[in-house]
Amino acid sequence: MIYLASDHAGYALKEELKKWLERAKKPYTDLTPELVEGDDYPDSAKLLAEALKTDSKGRGVALCGTGVGMSIALNRYKWVRAVLSTKREVVRLSRQHNNSNVLCLSGRFVTYKKAIALTKVFLATPFSDDQRHVRRIEKLT
Ligand code: RB5
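This report concerns the structure included in the present document. (Residues numbered from 1 in each chain as written. Predicted model: local features only at pLDDT ≥ 70, side-chain atom pairs only at ≥ 80, totals over all residues. Heavy atoms only, no water.)

This part takes up the overall build of the protein. Of regular secondary structure, the protein possesses 6 helices and 5 strands. In the protein, the succession of helices and strands from N to C terminus is β-α-β-α-β-α-β-α-β-α-α. Against the globule reference of 14 Å for 141 residues, the protein gives a C-alpha radius of gyration of 14 Å, in line with a compact fold. By principal-axis analysis of the C-alpha atoms, the protein measures approximately 45 × 25 × 25 Å. Per-residue burial over the protein gives 46% buried out of 141 residues. Look at the contacts in the protein between residues 6 or more apart in sequence, and 70% of them connect residues 24 or more apart. Total accessible area on the protein is roughly 7,700 Å²; 53% of this is exposed by carbon and sulfur atoms. Measuring between centres, the 25 positive side-chain charges of the protein sit 9 Å from its 16 negative side-chain charges. (Helix = DSSP H or I, 4+ residues; strand = E, 2+ residues; numbered from the N terminus. Rg over C-alpha atoms; globule rule 2.2 N^0.38 Å. Buried < 20%, exposed > 50% of the residue type's maximum accessible area, 1.4 Å probe, protein only. Contact = heavy atoms within 4.5 Å. Areas by Shrake-Rupley, 256 points an atom, 1.4 Å probe, with all protein chains shown as cover. Lys, Arg positive; Asp, Glu negative; His and termini not counted. Charge placed at Lys NZ, Arg CZ, Asp CG, Glu CD.)

See below:
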């Protein structure tokens, strides 16, 4: 399952992303469906982290103003490996090498087109399963 979570600053881009996921027939769960002005990204991050704890094969897309707050908050959970980048190649490598399970996006500095491009790569790229990458990920916990 793909889980979406945002604070108020990521809400609008999240709503756009949902339209694309629907068109692409990719099932998702929106953990923050209501716009709550002034809400705090650690609370949205916690909802997403808890969902991924239960669904270990799930993926998340997290959105806040810059993506930074979400990435800091999410990477505090030991089962989360969140990537924040605006480069498709970095997102691809984060899947292949780091088995990233959350893509963080900026609602204020990333266009809809770029967000879709990054999300496509994030969802389409498998983890390499190379022993060296498995070993390194195991050392994170
Ligand atoms: C909210 O104004 C903003 O600070 C938040 O969305 C995020 O960008 C923090 O990293």
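Attention shifts here to the site of the ligand. The environment of the ligand is formed by Asp7, His8, Ala9, Tyr41, Cys64, Gly65, Thr66, Gly69 and Arg108. The backbone of Gly65 places a nitrogen or oxygen atom 2.8 Å from an oxygen atom of the ligand. One nitrogen or oxygen atom from the main chain of Thr66 is found 2.9 Å from an oxygen atom belonging to the ligand. With the chains in place, 71% of the 290 Å² that the ligand exposes on its own is no longer accessible. Looking at the shell around the ligand residue by residue, the class counts come to 3 nonpolar, 4 polar and 2 charged. (Near = heavy atom within 4 Å. Polar contact = N/O pair within 3.5 Å; in protein donor to acceptor, adjacent residues only side chain to side chain. Nonpolar A, V, L, I, M, F, W, Y, C, P; charged D, E, K, R; others polar.)

Here we come to unusual backbone geometry. Of all residues except glycine, most have a negative phi; of all peptide bonds, most are trans. One non-glycine residue with positive phi stands out, namely Lys25, at about 55°. Take Lys25: it is sitting in the loop between α1 (11-23) and β2 (28-30). Non-glycine residue Asn99 carries a positive phi angle of around 50°. Among the secondary structure elements, Asn99 is positioned in the loop between α4 (88-98) and β5 (102-106).

Bringing a nonpolar patch on the surface into the picture now. Judged by side-chain polarity, Val68, Ile72 and Leu84 come together as a nonpolar surface patch covering roughly 240 Å² of accessible area. Here Leu84 shows up in strand β4 (residues 82-84). On the basis of relative accessibility, which here comes to 37%, the residue Leu84 falls in the partly exposed class. (Patch = residues over 30% accessible without salt bridge, like charges linked within 9 Å, V, L, I, M, F, W, Y side chains within 5 Å. Salt bridge = Lys/Arg side-chain N within 4 Å of Asp/Glu carboxyl O.)

Moving on, we get to the packing of α1 against helix α5 (residues 112-124). Packing of α1 against α5 brings their axes to within 10 Å, and their N-to-C directions diverge by 55°. Taken together, α1 and α5 sit at an angle that is classed as oblique. By crossing handedness, the relation of α1 to α5 is classed as right-handed. Where α1 abuts α5, its residues Leu13, Glu16, Leu17, Trp20, Leu21 and Arg23 lie against Tyr112, Ala115, Ile116, Thr119, Lys120 and Leu123. A class-by-class count of the residues in the contact of α1 with α5 yields 8 nonpolar, 1 polar and 3 charged. (Axes fitted to C-alpha atoms, helices over the stretch in contact; angles between N-to-C directions. Parallel < 35°, antiparallel > 145°, perpendicular 65-115°, else oblique. Left-handed = near helix turned anticlockwise from the far one by under 90°.)

Before going further, it helps to examine the sheet that holds β2. If you trace the 5 strands from one edge of the open sheet to the other, you get β2-β1-β3-β5-β4, paired in parallel fashion. This sheet does not close on itself; its edge strands, each paired only once, are β2 and β4. The average angle at which neighbouring strand axes cross in this sheet is 20°, direction not considered. Pairing of β4 with β5 involves 3 bridges; the strand directions are parallel. From the neighbouring strand, Leu84 faces β5, where its bridge partner is Cys104. α1 contacts β1 (2-6), β2, β3 (59-64) and β5 of the sheet and is inclined by roughly 160° relative to β1. Relative to the sheet, α5 contacts β1, β3 and β5, its axis offset from that of β5 by approximately 175°. (Pairing = 2+ DSSP bridges.)

Fair warning: the whole summary comes from geometry, so function is off the table for now.
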